[in-house]
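Architecture and fold: a report
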Amino acid sequence: MSTSDQGLVDETGPGDNWQKVQASPEFAQLRKRLRTFVFPMTVLFLIWYLVYVLLAAYAHAFMSTKLIGNFNVGLLIGLLQFVSTFVITGLYVRYANRKLDPVADKIRGEIEGGAQ
């Protein structure tokens, strides 16, 4: 928003455009699609991480079970935490490319097309 010489706020700035976009059904669809992926994946990852922490705290014998040499179950599960992070990132990128980006591109096109 800009102000005039008298200190009044100009209500015809770009903020009006953003409010219209946020109220649009396309934006609501974009938010719903994002939440459809992000919330379940976050819950899944947090449960996976919590299981790891609880096993490390209360299942010492299980976590110290040797697999190969000095490589044990605890180390394997700890490394799988990193692997799961990369898998989730890959899944999100694929989901975003298929489900989020087309809607976001449409909204962006409407905003940029409407500004000219």
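About the cut-offs
- Residues numbered from 1 in each chain as written.
- Predicted model: local features only at pLDDT ≥ 70, side-chain atom pairs only at ≥ 80, totals over all residues.
- Heavy atoms only, no water.
- pLDDT = per-residue confidence, 0-100.
- Contact = heavy atoms within 4.5 Å.
- Core = buried A, V, L, I, M, F, W, Y, C linked by side-chain atoms within 4.5 Å.
- Buried < 20%, exposed > 50% of the residue type's maximum accessible area, 1.4 Å probe, protein only.
- Helix = DSSP H or I, 4+ residues; strand = E, 2+ residues; numbered from the N terminus.
- UniProt positions renumbered as here; feature names shortened; annotations may be inferred.
- Salt bridge = Lys/Arg side-chain N within 4 Å of Asp/Glu carboxyl O.
- Phe/Tyr/Trp six-rings, centres within 6.5 Å; stacked < 30°, edge-to-face > 60°.
- Expected span 1.5 Å × (residues − 1).
- Bend = angle between axes of the 7 residues up to and from the residue.

**With respect to the confidence of the model for the chain**
Per-residue confidence for the chain gives a mean pLDDT of 87; residues scoring 70 or more make up 84%. Across residues 1-10, where pLDDT falls below 50, the model places seven contacts with residues more than four positions away in sequence or in other chains.

**A word on the nonpolar core**
By size, the foremost hydrophobic cluster in this structure holds 10 residues: V21, L30, F37, M41, Y95, A96, L100, V103, I107 and I111. The leading source of residues in this core is helix α4 (residues 73-115), at six residues. Sequence-distant contacts of I111, that is, excluding residues within four places in its chain, are made with N17, W18 and V21.

**Focus: the UniProt feature "transmembrane region" (unreviewed entry) in the chain**
Listed under "transmembrane region" (unreviewed entry) in the UniProt record, and renumbered for this structure, are residues 37-59 and 71-93. Along residues 37-59 one finds 96% helix and 0% strand; the C-alpha atoms at either end are 32 Å apart. As a span, residues 71-93 carries 91% helix and 9% strand, and end to end its C-alpha atoms are 32 Å apart.

**A closer look at the pattern of salt bridges**
The final tally for this structure, using the stated rule, is two salt bridges. Ionic pairing is found between K106 and E26, a salt bridge with its closest N-O pair at 3.6 Å. Placement of K106 in helix α4 and of E26 in helix α2 (residues 25-58) is noted, with a sequence separation of 80 residues between them. D105 is paired through a salt bridge with R108; the nearest N and O atoms lie 2.7 Å apart. On the criterion of helical spacing, the pair formed by D105 and R108 is a turn pair, its members being three residues apart in helix α4. Using a relative accessible area of 43% as the deciding quantity, one classes D105 as partly exposed. Given a relative accessible area of 42%, R108 falls into the partly exposed group.

**Concerning the packing of aromatic side chains**
Per the stated rule, a full pass over the model turns up three aromatic pairs. Consider the rings of F37 and Y95, whose centres lie 5.0 Å apart with planes at 25°: the pair is stacked. In this pair, F37 is assigned in helix α2 and Y95 in helix α4, connecting sequence segments 58 residues apart. Judged by relative accessible area, which is 15%, Y95 ranks as buried. Measuring from centroid to centroid gives 6.5 Å for Y49 and Y52, while their planes differ by 50°, and the two rings are tilted. Here the residue Y49 and the residue Y52 both occupy positions in helix α2, the gap between them amounting to three residues, near one helical turn. Using a relative accessible area of 23% as the deciding quantity, one classes Y52 as partly exposed. Three or more aromatic residues joined by ring pairs form one cluster here, namely F37, Y92 and Y95.

**Some thoughts on α2**
Here α2 is 34 residues long and its end C-alpha atoms lie 49 Å apart, about the 50 Å a rise of 1.5 Å per residue gives. Of all the bends in α2, the largest measures some 25° and sits at R35.

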